[in-house]
Structure formats: C-alpha cells, structure tokens
Amino acid sequence: MSNAETITVRQPQPDEMPAVLVLRNLVLNQSVGHPDQTELSTSDLKASTVHVAAFDGDHVVGTARFDAHEENGDTVCLVRRVATDPTRRRQGIGARVMQCGESIVHERFGARHFVLHAREEAVPFYESLGYTLTGKTAMHDGDENWEMTKMISSANREDNI
C-alpha cells in the first residue's frame, strides 16, 4: 500500500472506466446489499458528466461523478457515485477527488452550486468540504439520504474549492 503522496487524481481514460465501475459497485452496491451495477449508465455517458478518479499506480482507489445541468438559468452540479476504497479511507483521497471534480466542473461548465445526496455516515465528511445539510431526500434504492449543498464564489474559486 502506497502513501497518499503517490495518489494521482484526474479524469479517467475510457479504458480505465471498468476499474472505476468495480470500485463504485463494491462501495455503493455490494457493501449495502444493493444489486450490482457494473456497466456505464446513460448518465455516465452524457457530455455534461465529469468522472474523476484517484489512482495509486494503475489501481483506482477513489472516484466520483459530477453531473452538470441547467436549473433556473444557473448551472448546477449533482455530485453522484462518490466512493473510496474501504482500505484507503481517512487518507485525504475522497477530499482530493471532490476538489478536483468541483474545479473541473466549475471551469468547464461554470457551475457554482453543488448538490449531493449523502448517506448518514458520510455527512461529516461532506461538511468538512464545505457542504451544508438542506434536508432529507427521497429514497435511493430503498435508503433515505441527506441532501447537502455547497455554493462557491467564482471570484474566489481556489479559496472555496
């Protein structure tokens, strides 16, 4: 196992997406008894979707999907499918994935408003990144989650992301 300094965070290449899907499935589906999802969805393939992954060599140790869309004249980003290898948690990998994705989506699409639906145990992690609770969400695969949001200032992007 390498240390956090050897981790590279970037957008995965198409041939690296199967490894991203394996990690997503392990953390977000298998660990909570949900059905396997090992193929790219139509949302994964949209031009307004940004995938980010953390790599330790060629091993994917973290990932997230950022879905930009227009809402009331503003670009909003829904953050989805955030996952970190369970053996690599609390090493800053998830924070780096989130910061990289927020930065890319802000630069590429102008998104300043980020929204996510967090499991109860992940709320403190997202709060540490500047997200605030806005309430409970509808059921996702039988689980109720917390909606969280983050606004960034375009003038001070580096201070907020």
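Residues numbered from 1 in each chain as written. Predicted model: local features only at pLDDT ≥ 70, side-chain atom pairs only at ≥ 80, totals over all residues. Heavy atoms only, no water.

Draft legend 1. Local environment of the overall build of the chain. Along its length, the chain carries four helices and seven strands. Listing every helix and strand of the chain by position from the N terminus yields β-α-β-β-β-α-β-α-β-β-α. Taken across its 161 residues, the chain has 45% of its residues classed as buried. At a minimum sequence separation of 6, the contacts of the chain that also span at least 24 residues come to 58%. Accessible surface for the chain amounts to roughly 8,600 Å². Of this, 48% is attributable to carbon and sulfur atoms. (Helix = DSSP H or I, 4+ residues; strand = E, 2+ residues; numbered from the N terminus. Buried < 20%, exposed > 50% of the residue type's maximum accessible area, 1.4 Å probe, protein only. Contact = heavy atoms within 4.5 Å. Areas by Shrake-Rupley, 256 points an atom, 1.4 Å probe, with all protein chains shown as cover.)

Draft legend 2. Summary view of the nonpolar core. Ranked by size, the top nonpolar core spans 30 residues in total, and within it Phe66, Val79, Met98, Tyr126 and Tyr131 carry the most contacts. Mapped onto this core, the elements with two or more residues apiece are β1 (7-10), β2 (49-56), β3 (59-71), β4 (74-84), α2 (93-109), β5 (113-118) and α3 (123-128). The element contributing the most residues to this core is α2, with seven residues. Apart from the residues lying within four places of it in its own chain, the contact partners of Met98 are Phe66, Val79, Val82, Leu116, Phe125, Tyr126, Leu129 and Tyr131. Val20, Ala53, Phe55 and Val60 belong to the second-largest nonpolar core, a separate cluster that totals eight residues. (Core = buried A, V, L, I, M, F, W, Y, C linked by side-chain atoms within 4.5 Å.)

Draft legend 3. Quick peek at the pattern of salt bridges. Tallying each qualifying case throughout the model produces four salt bridges. Among the ionic pairs, Arg10 bridges to Glu16, the shortest N-O distance being 2.7 Å. The shortest N-O distance in the salt bridge between Asp56 and Arg88 comes to 2.9 Å. Of this pair, Asp56 sits in strand β2 while Arg88 sits in the loop between β4 and α2; the two residues are 32 residues apart in sequence, bridging distant segments of the chain. Assessed through its relative accessible area of 4%, Arg88 is described here as buried. (Salt bridge = Lys/Arg side-chain N within 4 Å of Asp/Glu carboxyl O.)

Draft legend 4. Highlighting the pairing of β1. Residues of β1 alternate between two faces, with Ile7 and Val9 buried on one and Thr8 and Arg10 left unburied on the opposite face. Sheet topology places β1 next to β2; four bridges connect them, and they run antiparallel. Following the sheet pairing, Thr8 is matched in β2 by Phe55. (Pairing = 2+ DSSP bridges.)

Draft legend 5. Focus on the pairing of β2. Counting buried residues in β2 gives eight out of eight residues, a clear majority hidden from the surface. Here β2 shows two buried faces, one formed by Thr49, His51, Ala53 and Phe55 and the other by Val50, Val52, Ala54 and Asp56. Turn length for the β2-β3 hairpin, with the two strands adjacent in sequence and antiparallel, is two residues, and the turn residue Gly57 shows positive phi of about 70°.

Draft legend 6. Broad picture of the environment of Glu127. In this structure, Glu127 sits in helix α3. Measuring from C-alpha to C-alpha, the distance between Glu127 and Lys150 comes to 9.4 Å, with 23 residues separating the pair along the chain. If near-sequence neighbours (up to four positions away) are discounted, Glu127 is found in contact with Leu133 and Met148.

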